[in-house]
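A structural walkthrough
Single-letter residue listing:
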Amino acid sequence: MEHRQKTMSTDYGERYTFEAEWFDTVASMLRKFILYYYPADNTVEIYDVKSKKMFLRRTKCEGVHAKDLYIGGMVNIFSRCIKITNFADHATKVKLASRMERTFAMIKPDAIDKMGEIMKRITRNNFHIGNIKMVHMTREEAEEFYIEHKGQSHLPSLLKYITSGPVLALELIGDRAIQKWKELMGPADCMEVREEAQNSIRACYGKDKQQNAVHGSDSAEAAARELAYFFPDPKSKNRILRNTATLKNCTCCVIKPHAVQSRLVGYIIDDIQKAGFTVSALQQFLVDPTNVEEFLEVYKGVLPDYGAMVTEMQSGPCIAMEITHKDNSKDVPKEFRKLCGPMDPEIARQLRPETLRAKYGKTKVQNAVHCSDLPEDGILEVEYFFKILADC
């Protein structure tokens, strides 16, 4: 490409180059870009492939960091949610391929009540969570996933165990992700792991060789297959595993994009679980502007920050959860609102410093979490994410 050759000759310092795309809702078209990122000063530049013109001159963009630039990732550049689809040159691929390695991880049924703690350990070890979903596999789905175990004597008990409750599937991205996740998990046999890797996840949360808390891919080929199984390309014919929403005595919680980007998901979920609540469904969503406006419509004309709230919710991936309580007699929406705290984090820090918004919120708009305000809205909001958007 003429433009790319010309730009490459200019001394900009180290630069990473990606193919990217953005759906322009005004023009109703998918725009293809070349995205340039300059780590020396954290600036970006965007070239429009179709028009062969510069779409954005090199400039600083708050909220865009090197850790967010990976294939399949989303970056918010001046209110445009841009998806990175590929490396655009060999040099970038060579530099970043190992640092952006993907692996599949699973938190198994016996450790699902500790998933917040485990996710905190994952992010503290410099993994980025690229995708996440809670599912409850059927026996048929489990047989397909564990196809390499077919004919082995332990398979029946493995299938019974893995289908005994929900599992949390995760896409982990990082430097040598496959090997590093295997090291963090520890050996499969929990008797061995407590001698060889006392600080590993399996040593802390595993019970035996089968109920050993977590699973990880053995190789790059296994990672590709397992990720495709749980997170299939919408264009593929692969089955989509059902979510675990119950729509019973529940409320909705959405971890907002700024908190997801700041890697606070594990911390928020850990606080939720330790407060006696249960995360009964969980999935990552990238919500388009139309759906965001529809979801937040109740605040239109009521809150002066409505427009900014819409912008924040569509600025990147968010994580929606169905929240229930171990005590079925609890008014879940009411009790969970107490845990979230006042909408303004500054007020929350003064009045209720242990609430989620006090601990993880930044502003009234970037206040870490959305929760259902009215009791009757709890199920409706859960249904919106897990029955409407999940089927789109």
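Rules and cut-offs
Residues numbered from 1 in each chain as written. Predicted model: local features only at pLDDT ≥ 70, side-chain atom pairs only at ≥ 80, totals over all residues. Heavy atoms only, no water. pLDDT = per-residue confidence, 0-100. Contact = heavy atoms within 4.5 Å. Disulfide = S-S within 2.5 Å. Buried < 20%, exposed > 50% of the residue type's maximum accessible area, 1.4 Å probe, protein only. Helix = DSSP H or I, 4+ residues; strand = E, 2+ residues; numbered from the N terminus. Polar contact = N/O pair within 3.5 Å; in protein donor to acceptor, adjacent residues only side chain to side chain. Pairing = 2+ DSSP bridges. Axes fitted to C-alpha atoms, helices over the stretch in contact; angles between N-to-C directions. Parallel < 35°, antiparallel > 145°, perpendicular 65-115°, else oblique. Left-handed = near helix turned anticlockwise from the far one by under 90°.

**Some remarks on the confidence of the model for the protein chain**
When pLDDT is averaged along the protein chain, the result is 90; 94% of the residues meet or exceed 70. Across residues 1-11, where pLDDT falls below 50, the model places 13 contacts with residues more than four positions away in sequence or in other chains.

**As for the state of the cysteines**
Under the criterion given, the structure shown has zero disulfides. Of the cysteine sulfurs around C371, a residue in no disulfide, the closest is that of C340, at 3.7 Å. On the basis of relative accessible area, C371 is assigned to the buried category, the value being 2%.

**Quick look at the environment of A222**
Its location among the elements puts A222 in helix 9 (residues 220-230). The buried category is assigned to A222, whose relative accessible area is 19%. Measuring from C-alpha to C-alpha, the distance between A222 and I162 comes to 18 Å, with 60 residues separating the pair along the chain.

**Brief notes about the side chain of H258**
With respect to the helices and strands, the residue H258 is situated in helix 10 (residues 257-261). There is a polar contact of 3.3 Å between the side chain of H258 and the backbone oxygen of Q366. Excluding anything up to four places from it in sequence, H258 contacts E312, Y360, K362, Q366, N367 and A368.

**Digging into the sheet that holds strand 2 (residues 29-38)**
Taken in spatial order, the six strands line up as 4-3-2-1-6-5 in an open sheet, and their pairing is antiparallel. Each edge of the sheet is formed by a strand with only one pairing partner; in this case those strands are strand 4 (53-60) and strand 5 (74-77). Ignoring which end each strand starts from, the neighbouring axes of this sheet average 30° apart. Direction of pairing for strand 5 relative to strand 6 (residues 80-87): antiparallel, over a ladder of four bridges. Bridging across to strand 6, M74 finds its partner in K83.

**Examining the packing of helix 3 (residues 115-124) against helix 11 (residues 265-274)**
Between helix 3 and helix 11, whose axes approach to 7 Å, the crossing angle comes to 160°. Taken together, helix 3 and helix 11 sit at an angle that is classed as roughly antiparallel. Read as a crossing pair, helix 3 and helix 11 show a hand that is left-handed. Contacts between helix 3 and helix 11 involve M115, G116, E117, M119, K120, T123 and R124 from the former and V265, G266, Y267, I269, D270, Q273 and K274 from the latter.

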